[in-house]
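Residue-level structural notes
This is what each chain is made of:
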Amino acid sequence: MKYSALENYIDGSSSPAENAIEVISPVNGEQLSTVPVSGKADLDAAVAAAATAFPAWSQLTIRERCDVFYRYRNQLQDNMDELARICHEENGKTIAESKAEVLKAIELTELACSLPNLLAGKVLEVSKGFDCSIQQEPLGVVSCITPFNFPIMVPHWTIPMALALGNTMVFKPSEQVPLSGNETAALLSQAGLPAGVFNVIHGDKSVVEGICDHPDIKAVTFVGSTPVAKIVYSRATGSYKRALAMGGAKNHLVVMPDADVAHTASNVAASACGCAGQRCMAAATLVAVGQVNHIIDEVVEASRQIVPGDNLGAVISESAKQRIEGYITEAIEQGATALLDGRDTVVEGCEEGSYVGPTVLDNVTSDMRIANEEVFGPVLSIMRTDDLQGAIEIEQTSPFGNAAVVYTQDGQVAQAFADAASAGMIGVNVGVPVPREPFGFGGWNESRFGVGDITGQGSIQFWTQSKKITSHWVSE
Ligand code: NAD
């Protein structure tokens, strides 16, 4: 085992749990560590630590709390190489992609550092001698549950903002990528975060259920697949918590005949294959409008340049590889044409790793499973249609709604598509239209349950409750 056994992080200290499972690197099959499968007593201890820490932490001024995050931002910068290596080992993505995660975590921390400016309040004399003011107050103990595909970035969608706003947290990372969570806790502690403000509780389904049910947890964010997002959203709100649950995705990239060939080709290929296609903003379906074969040929060429083990990372596990290859096989059996087939990929020197090569499937039709379900691998399906309206209908039929993209040089076409698409994040000649901060991240439909975006200025509302104060100072 490469690293020592992981433990929970409760009240500023490591805390063992009774049961543990192996953590295997998808890069080469090496056992990295073991991760606790926590029980109710472990969760109760983490929540109790967070509850104890809440009064002192929440009573600091916002500037005092942000001082911790100024230091933490620099810790992320200084430890970028180490964090990126761990992320690469546990998740399988490339070192460059792992560094991009750390950079995004820095950006998210910087937004939290700007809270003193963002929160500057409003006061209005509402009647003669009567002032009304508003202040945002933290909720108490909150929780964040995250998926395997972004071990560093997705937790930072919530951690800096929720904590800088005065909440204390119980964080449940994916059991498939648990190492980054403990690194985050260590760096926050080094930055001066008091013990108990941030706690890490490892585990699986039963810890998630315990978080949803726990009477002392006030709010939960979840990021993961749609079936689990539905369970978490209904269970957490069923126990009267504030909840925001981000689900899966199936993103459509519409290619118009006038699209710039070189840009579109490299951009679509990067969107489909970046992070081995394990992104909720990845290209899943290229909707080819009219005669665009000259662009599709270049998409295939650009995808061929993406090489497993070099600039294409591993998928998360052997079972994920088999699931992805199952989708490809079934689509081909149903009549799809493989322009590029990434099945049975083996990377020399990493024979025990889990790799799928770039795959491009043409002539995918709406009745195929691959057209409708999230594959979550480096697989691009091509669906054909005659005109923009046909492309819009394909996009709108999807039950998901994270990203929708159009490649064109015509501003009116771009605007018409942006207006009609049923998705929360639109790209115009941008294959992965993740909004940069302070614009918030959030999809529509079955990609998001709950109100608002999970990042950006809007997330301040999620992590706080407003208090309105009406004052009248009576003079003699
Ligand atoms: P997942 O739903 O399997 O797991 C997410 C978390 O839920 C993990 O911490 C896991 O331990 C827990 N969990 C798993 N099964 C559970 C169950 N039955 N009950 C309660 N908790 C359970 O997701 P994943 O495979 O880790 O991540 C990939 C998914 O996340 C993809 O669908 C992807 O699209 C989605 N995702 C969405 C966004 C977004 O913003 N919409 C962002 C990143 C990833």
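Please read all numbers here as calculations on a predicted model, not as lab measurements. (Residues numbered from 1 in each chain as written. Predicted model: local features only at pLDDT ≥ 70, side-chain atom pairs only at ≥ 80, totals over all residues. Heavy atoms only, no water.)

1. Observations regarding the site of the ligand
Taken together, 27 residues form the shell around the ligand, and within it Lys172, Glu175, Ser225, Gly247 and Glu374 come nearest. One of the side-chain N or O atoms of lysine 172 is found 2.7 Å from an oxygen atom in the ligand. The separation between an oxygen atom of the ligand and a polar side-chain atom of glutamate 374 is 2.5 Å. For the ligand, whose unbound accessible area comes to 840 Å², protein coverage reaches 88%. When residues of the shell around the ligand are traced back to their parent elements, those giving at least two are α8 (205–213) and β10 (219–223). Partitioning the shell around the ligand into residue classes produces 14 nonpolar, nine polar and four charged. Counting contributing residues, the shell around the ligand receives three or more from each of domain 1 (8–248 + 443–469) and domain 2 (251–428). (Near = heavy atom within 4 Å. Polar contact = N/O pair within 3.5 Å; in protein donor to acceptor, adjacent residues only side chain to side chain. Areas by Shrake-Rupley, 256 points an atom, 1.4 Å probe, with all protein chains shown as cover. Helix = DSSP H or I, 4+ residues; strand = E, 2+ residues; numbered from the N terminus. Nonpolar A, V, L, I, M, F, W, Y, C, P; charged D, E, K, R; others polar. Domains from an automatic or database assignment.)

2. Some details on the domain arrangement of the chain
By a frequent convention, interface size equals the accessible area lost on bringing the separate parts together. When cut into domains, the chain gives domain 1 (8–248 + 443–469) and domain 2 (251–428). Between domain 1 and domain 2, the C-alpha centre-to-centre distance is 31 Å. Counting from both sides, the interface comprises 22 residues of domain 1 and, opposite them, 29 residues of domain 2. Buried area between domain 1 and domain 2, summed over both chains or domains, comes out near 1900 Å², and the portion from carbon and sulfur atoms is 59%. Three residues stand out in domain 1 for area buried against domain 2, namely Pro26, Phe148 and Trp444, and they jointly supply 23% of the buried area on that side. Our enumeration of links across domain 1 and domain 2 arrives at zero salt bridges. Along the contact surface separating domain 1 from domain 2 lie 11 residue pairs in polar contact (both at pLDDT 80 or more). In terms of residue class, the side of domain 1 that touches domain 2 is built from six nonpolar, 12 polar and four charged. (Contact = heavy atoms within 4.5 Å. Buried area = accessible area lost by both parts, 1.4 Å probe. Salt bridge = Lys/Arg side-chain N within 4 Å of Asp/Glu carboxyl O.)

3. Observations concerning a nonpolar patch on the surface
Taken together, the side chains of Leu124, Val126 and Phe130 make up a nonpolar region of the molecular surface, amounting to roughly 270 Å² of accessible area. One can find leucine 124 in strand β5 (residues 123–127). On the accessibility criterion, leucine 124 (55% relative accessible area) is exposed. (Patch = residues over 30% accessible without salt bridge, like charges linked within 9 Å, V, L, I, M, F, W, Y side chains within 5 Å. Buried < 20%, exposed > 50% of the residue type's maximum accessible area, 1.4 Å probe, protein only.)

4. Description of the environment of threonine 337
If you trace the backbone, threonine 337 turns up in strand β14 (residues 337–340). According to the relative accessible area criterion, threonine 337 is partly exposed, its value standing at 33%. As a C-alpha pair, threonine 337 and isoleucine 382 span 45 residues in sequence and 9.4 Å in three-dimensional space. Sequence-distant contacts of threonine 337, that is, excluding residues within four places in its chain, are made with Val360, Leu361, Asp362 and Asn363.

5. Some thoughts on the pattern of salt bridges
This model, assessed by the stated rule, comprises 22 salt bridges. When the shortest N-O distance is used, the salt bridge between glutamate 82 and arginine 85 registers 2.6 Å. Remark: arginine 85 and glutamate 82 occur in helix α3 (residues 80–91); sequence separation between them is three residues, near one turn of the helix. By relative accessible area, glutamate 82 is classed as partly exposed at 34%. Of the charged contacts, one joins glutamate 175 and lysine 172 as a salt bridge, the two residues approaching to 3.3 Å between their closest N and O atoms.

6. Digging into the packing of aromatic side chains
Tallying each qualifying case throughout the model produces five aromatic pairs. Between phenylalanine 171 and phenylalanine 198 the ring centres are 5.8 Å apart and the planes differ by 25°, which places this aromatic pair in the stacked class. Of this pair, phenylalanine 171 sits in strand β8 (residues 168–172) while phenylalanine 198 sits in strand β9 (residues 198–200), and the two are 27 residues apart along the sequence. Comparing phenylalanine 171 with phenylalanine 198 shows no difference in burial state: the two are buried. With 4.9 Å between their ring centres and 90° between their planes, phenylalanine 462 and tryptophan 463 make a pair best called edge-to-face. The same class applies to phenylalanine 462 as to tryptophan 463, namely buried. Against the face of phenylalanine 150 rests lysine 93, its NZ or CZ located 3.7 Å from the ring centre. (Phe/Tyr/Trp six-rings, centres within 6.5 Å; stacked < 30°, edge-to-face > 60°. Lys NZ or Arg CZ within 6 Å of the ring centre and 35° of its normal.)

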